[in-house]
Structures are given as structure tokens and as C-alpha cells.
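Observations on chain architecture
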Amino acid sequence: MTSDNPASNAVDAALNRSDYRFAIHGVSTVRRRGRTEGARSRQNQSDSASRSRTTPPYVASNINAFDLSEFATPERLHSVFRILRAEGGPGAGTDGITYGDFTSSEIYAALRHVRGKLLAHEYTPHETRQVRIPKGDGRYRELQLHRILDRVIAKALQLALDTYWRAHLPRLGKDVCDVYAVMQTAMQQSDARFLVVSDIRDCFPSAPIDTVLECYRRHISNTDLLWLIETIVRGHDGSGHVTGMAQGSPSSPVSVELLLHILLDARFGTAFREIPLLLRYVDNLNIVCRSVREGREALRFCEDILRDHGFTLKPERPPMDFPMDLRREHPNRKVLGLNPYWRNEHLHFTIPGTAYDSLRKGFAESIVRPNPVATALGVAEGWLGAMGPALTNAVTPATVDRVIRIARECGFTELRSSDLQLTCRLAHARWQVLTSEGSNRGDA
């Protein structure tokens, strides 16, 4: 592909000509056919040597003083590229290009070009590649994989505003252990022993874009920032995209969190005060209540609000034990990944069998990552961290043995029992700290 664009020609002149090319936001960039591993190794060494000189990603200390020029420097965007290369998924976008396909000169050339597009308000994300991810129950979750530079811009925006949103969105960045801890404290300080559990059906694909943008405008007046947010949220289709946040974009979780915080959380808190208590985790609704009647009333309140904005809840037909009486153990009652029950004024947890299916899937996906063993270890540690409330001293040995057995079945023999046992102890200790802090603060 060739280009009449002067910027494209400048990039071509700066790079060695080769057999074929690819286009990034209209700029022609050389791809070398058959690049040797030695060349890749030298590039990696060069990147490692320059790490200490890397300019960090832009952070907007004052959200309405957002500086688009400072945000979009090639050096800052390159830092984000490196973060994504180390942590992001390996899948390519519609152009088939992955992080490893870029040399340092190529990525900087592309970033300089996209900077010009951003400053001129001419940047538009490319179309995404649809990927279906099995959920394990015969259903699929659809991800939209962006091209690499589109991911860089969206991730850079998420990092730039992260501090602000964490200060204004109380649930952002919290994990399931935080939710469990607040749940236990609320139950200890009241006579609430029932729990309503529901999900927002297809939450991200159903999000109304105009309402999302209106929620942003409640916080932001900076015109450059509002333009960038709308550009990323609407994506390739621009103003024609009126419904649905792209699952897989770094900017989507914050957008959905902001939307549901304003539409649902704030209104629920005003209507019900302390109990019933809505503990939302992304699109999962968990409502602590004192009776079946109270729980159903609270869920109807959520349902009415969400329906007004195009959302529906699932399941349509609640199970027989709805709301759940947590004083009764039930082996198939899963709440945010664990099976909770109430004993001796505390929540207790067991690990459901389906959780191990998710672990196995994580190990299987690790095989295709650049460092499979390190990725598999991270999968095991992350999984055990999420199981922390259930990992008592009595449960830990059998759990670790099962994790190691599944890892070996997937081809990973490097995981050590002693390392995973330490992970279990730390995860359970964090749970104990969270519940102790909640009791001392009197938080509900």
C-alpha cells in the first residue's frame, strides 16, 4: 500500500523498503518479511536498556485541565504501548498485527502520525475484530478486538483519568473480596440474612451511548477531553453508534461503571438508605435484605430503573430460593464465584466445582502467551487470590493439590506447592484484614 500523504512518505523514507506493508491510520509502515529472532532479541535488549528513560503515561491531575498535546506525545504513548505489550492480550485486530510485529522505529513512526490525527481532532478508531469467548455453559461472550494503536489510545485515556475516577466511583477497582467484606459487615450490623442475586443481561452491548456521554458531561467540561472520550466510546461508526460499549476496550469498564453508578447506585441509595443494601459488582447485582418481600421489592426498583434505559435483568424466572436465605447452605448457590452461607455471625464460603473449570481454561490460554510458564503462574495466583475468603487452613492443602494437578494436566509442571500455599495464606489473610477493618469502621 502506498500513500500520497507527505507524512506517509516521510515514514517510508525513514524506514528500509521491503516486500510488503501495512497501514496504520493512513500511514504506510514497512513490515520486514522473515525478521530473524536475533533481530527481535536485539530490539528487546534495546527496549530494556531504554526502560529507565521511558516517559510515564500522562495523568490528568485536574480532569478539566486535560492537555491533549501532552497526552499524545509519542514518548508517553509508547509507554502505554509497552504496558499493553507486557500485560494485554495477544490477539490481533482486523489488520492481523500484534505487539511483537513492531520494531521500535515502526511504532514511534506510527505514534507520531496518530498524534497529528489526535491534535487535529481527525482520529477515528478502526473497525474491530469480533471474537467469541466460550463461557463454559454453551454460551459465548463476544469481545471486540481493536487494532494495536486504537488500544494504545484507549488505554492511555484510561490511565490518564484513573486517579480521578477512583476518587469519584466508589466501586471502581474493587474486587469480589471487597464486596464480600461489606456484605458481611452489613449482615453483622443488621438482621439481614437474605441475599438477592441477579445480573444485567448483556450489560456492555446494551449500554446507551448518549446516556453514557451525558454521564461524562456531568464531570467534564474540557472540550478536547470530551471529544476524545466520545470518539473512543462511539468507535469506528461515529455518530451512527448509539448502543453498546465494546467489550475488550480499556475505556469500556469505566464508562459502564460511571453509567451504572449514576443511573442505579445513587438512586438506590437514596430510596433505601441502609437496608436493603445494593452491592453491585460491574453488572452483578447483590442486594442484602431482611426478608423475601423486601428483597423482591428492591429488585423491582432496580428492574424499573434499568428498563427505562434499555437494560433487562436475568434470570427472568427467579429460582425457588429467591431471595437466598444464607442461613441455609446450598452447594450450587454461587455469588461472585464462591458459595456463601451464614454461620456464627460470619459469612463462610466454599469453592464451587465450576471455578476449577475457569482455572483450567486459564491454564489452556496461557500456552499461547509469550511466556507461558509465568502466565500460568499468574493465572494460578490470581485464581487463588479470588478464592481467599474460602481458603482456611483446613481447605488450603486440598485446594493447592487440585490446582497443581490441573496445571500438570495442561502441561505445566513448574508450579510449586510451597509457592501456592503462600499465595493462599496471603489471600486469606487479606480477607481477614478486610473483615476486621469493616467491623472496626462500622461500615455497611
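Here, every reference points to the structure presented above.
The following refers to the structure shown. As the structure is a prediction and not an experimental result, all values here were calculated from the model.

Quick notes on the rules
Residues numbered from 1 in each chain as written. Predicted model: local features only at pLDDT ≥ 70, side-chain atom pairs only at ≥ 80, totals over all residues. Heavy atoms only, no water. Helix = DSSP H or I, 4+ residues; strand = E, 2+ residues; numbered from the N terminus. Buried < 20%, exposed > 50% of the residue type's maximum accessible area, 1.4 Å probe, protein only. Contact = heavy atoms within 4.5 Å. Areas by Shrake-Rupley, 256 points an atom, 1.4 Å probe, with all protein chains shown as cover. Phe/Tyr/Trp six-rings, centres within 6.5 Å; stacked < 30°, edge-to-face > 60°. Lys NZ or Arg CZ within 6 Å of the ring centre and 35° of its normal. Pairing = 2+ DSSP bridges. Axes fitted to C-alpha atoms, helices over the stretch in contact; angles between N-to-C directions. Parallel < 35°, antiparallel > 145°, perpendicular 65-115°, else oblique. Left-handed = near helix turned anticlockwise from the far one by under 90°. Nonpolar A, V, L, I, M, F, W, Y, C, P; charged D, E, K, R; others polar.

1. A short note on the overall build of the chain
- Of regular secondary structure, the chain possesses 16 helices and 11 strands.
- Burial statistics for the chain: of 444 residues in total, 48% are counted as buried.
- Within the chain, residue pairs in contact and separated by at least 24 positions form 69% of the contacts whose partners lie at least 6 positions apart.
- Summed over all atoms, the accessible surface of the chain reaches about 21,600 Å², with 49% contributed by carbon and sulfur.

2. Looking at the packing of aromatic side chains
- Under the criterion given, the structure shown has 15 aromatic pairs.
- Centre to centre, the rings of Phe-66 and Phe-71 are 5.4 Å apart; their planes meet at 50°, and the pair counts as tilted. We note that Phe-66, like Phe-71, is buried.
- When the centroid spacing of 5.5 Å and the interplanar angle of 90° are considered together, the rings of Phe-349 and Trp-431 count as edge-to-face. Placement of Phe-349 in strand β11 (residues 346-350) and of Trp-431 in helix α16 (residues 417-441) is noted, with a sequence separation of 82 residues between them.
- Accessibility expressed as a relative area gives 6% for Trp-431, which makes it buried.
- The ring of Tyr-356 has Arg-402 sitting right over it, with the charged end atom 3.7 Å from the ring centre.

3. A word on the pairing of strand β5 (residues 194-200)
- Burial of β5 is extensive: 5 of the 7 residues sit out of reach of the surface.
- Here 2 bridges tie β5 to strand β9 (residues 324-325), and the two strands are oriented antiparallel to one another. Its bridge partner being in β9, Leu-195 is matched across the sheet by Met-324.
- Pairing of β5 with strand β8 (residues 313-314) involves 2 bridges; the strand directions are antiparallel. Note on β8: the bridge partner recorded for Asp-199 is Lys-314.

4. What about the packing of helix α13 (residues 353-366) against helix α14 (residues 372-386)?
- Running from N to C, α13 and α14 point in directions that differ by 160°, and their axes come no closer than 8 Å. In terms of orientation, α13 lies roughly antiparallel with respect to α14. Crossing hand, α13 versus α14: right-handed. Where α13 approaches α14, its residues Ala-355, Tyr-356, Leu-359, Gly-362, Phe-363 and Ser-366 are matched on the opposing element by Pro-372, Thr-375, Ala-376, Val-379, Ala-380 and Trp-383.
- In terms of residue class, the contact of α13 with α14 is made up of 9 nonpolar, 3 polar and no charged.

It is worth stressing that arrangement in space is one thing and function is another; only the former is reported here.
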